[in-house]
Amino acid sequence: MTSPYAQDGYRVAFDWSPAGAAKVRGDLVAVVDVLSFTTAVTVAVDAGIEVLPYRWRDESAKAFAEQHQAALAVGRGQAGDDGISLSPVTIRRARVRRLVLPSPNGSTISQQLSDSGSTVLAVSLRNAAAAAALVATKLAEDPSLTVVAIAAGERWKDGSLRPAVEDLWGAGAFLAALADSGAGPLSPEARAAAAAYRDVAGELPTLLHDCAGGRELTQYGFPEDVAIAAEVNSSRVVPILQGGVFK
């Protein structure tokens, strides 16, 4: 029996978190983690930096970075004036060729999907239009392809999913642009995400700063990270995970 959660019968779908990524399969999958993994990836690739996603920032991450001759991003609070972290501000000033970027949300989902055989794209508000244009072209070339947008979300302290509205908006921006290109049909879930973005598009970046995720980063002292994430469609890069590397 077909899973009711798979959104079968629709060419364009949407879901949340690693669990949703496992249930709703697509040939092309846009991973969206606006604050801040996929925003950081677009900033890095804009600067010519290759990004290697990694699940955890621990001793194994250090060994992984050394193995791949890459810098390792540290925690935001550890970066100081010249270190590199998940903060897009630090990546913009970085002078490295390769970067291991640990993230329990966006990075974990990206690796999970790549292992399952999907083509993984890093999508944020910064590159949603460019990513949609690329995917629309691929869908036109091959009618058998399907696409899914996965919003990473955040975690409450008990480990449960906290749906992050910034990721809903980022996925919705991508899905709305796909719909405008004529791609579809969109599943009910994908239509809802696109509608959520259309409702706020004229009020970004203000609402991004004022949502829970934006307020959290600002409270921690990183308002510039929110400002970079709100650079809607400023980037033309579409990072694709190939051989474990976004480039």
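What this report covers is the structure whose coordinates are included nearby. (Residues numbered from 1 in each chain as written. Predicted model: local features only at pLDDT ≥ 70, side-chain atom pairs only at ≥ 80, totals over all residues. Heavy atoms only, no water.)

Topic: helix H5 (residues 106-116)
An α-helix turns once per 3.6 residues; consequently, residues spaced three or four apart project the same way.
(1) Moving on: When we look at burial in H5, the residues that qualify are Gly-106, Ser-107, Thr-108, Ile-109, Ser-110, Gln-111 and Leu-113.
(2) Moving on: Among the residues trailing H5, Gly-117 stands out with phi positive, at a value near 105 degrees. (Buried < 20%, exposed > 50% of the residue type's maximum accessible area, 1.4 Å probe, protein only. Helix = DSSP H or I, 4+ residues; strand = E, 2+ residues; numbered from the N terminus.)

So, helix H3 (residues 59-67)
(1) Moving on: Of the residues making up H3, those classed as buried are Ala-61, Phe-64 and Ala-65. Relative to the axis of H3, the buried residues are bounded by an arc of 100 degrees and lie together on one face. Relative to its buried face, H3 has exposed residues pointing more than 90 degrees away, namely Glu-59, Glu-66 and Gln-67.
(2) Moving on: For H3, the elements touching its buried residues are strand E3 (50-54), strand E4 (71-72) and strand E5 (98-102).
(3) Moving on: Phi for Gln-69, located one or two positions after H3, is positive at around 50 degrees. (Arc of directions from axis to C-beta. Contact = heavy atoms within 4.5 Å.)

With respect to the packing of aromatic side chains
(1) Moving on: Enumeration according to the criterion identifies three aromatic pairs in this entry.
(2) Moving on: Against the face of Phe-222 rests Arg-76, its NZ or CZ located 5.6 Å from the ring centre.
(3) Moving on: In this structure, Arg-162 packs its charged tip against the face of Trp-156, placed 5.8 Å from the ring centre. (Phe/Tyr/Trp six-rings, centres within 6.5 Å; stacked < 30°, edge-to-face > 60°. Lys NZ or Arg CZ within 6 Å of the ring centre and 35° of its normal.)

Describing the layout of surface pockets
(1) Moving on: Taken as a whole, the largest pocket encloses approximately 660 Å³ of empty space.
(2) Moving on: In this structure, the largest pocket is lined by 24 residues; those nearest its centre are Leu-35, Arg-76, Asn-105, Glu-154 and Glu-216.
(3) Moving on: For the lining of the largest pocket, the element with the most residues is helix H10 (residues 212-219), which contributes three residues.
(4) Moving on: Partitioned by chemical class, the residues of the lining of the largest pocket number nine nonpolar, five polar and ten charged. (1 Å grid on protein atoms, 1.4 Å probe; cavity = no way out; pocket = protein on both sides within 12 Å on 5 of 7 lines; lining within 4 Å. Points joined across faces, edges and corners; volume = space filled by probe spheres on them. Nonpolar A, V, L, I, M, F, W, Y, C, P; charged D, E, K, R; others polar.)

As for the sheet that holds strand E6 (residues 119-123)
(1) Moving on: Read from one edge to the other, the open sheet built from four strands follows the order E1-E7-E2-E6, with strand pairing classed as parallel. Of all strands in the sheet, those with a lone pairing partner are strand E1 (12-16) and E6, marking the two edges. In this sheet, adjacent strand axes meet at a mean angle of 25 degrees when their direction is disregarded.
(2) Moving on: Bridging between E1 and strand E7 (residues 147-151) involves five bridges; their strand directions are parallel. Note on E7: the bridge partner recorded for Asp-15 is Ile-150.
(3) Moving on: Together, strand E2 (28-32), E6 and E7 form the strand contacts of H5, whose direction differs from that of E2 by roughly 170 degrees. (Pairing = 2+ DSSP bridges. Axes fitted to C-alpha atoms, helices over the stretch in contact; angles between N-to-C directions.)

Any functional reading would require information that these geometric values do not contain.
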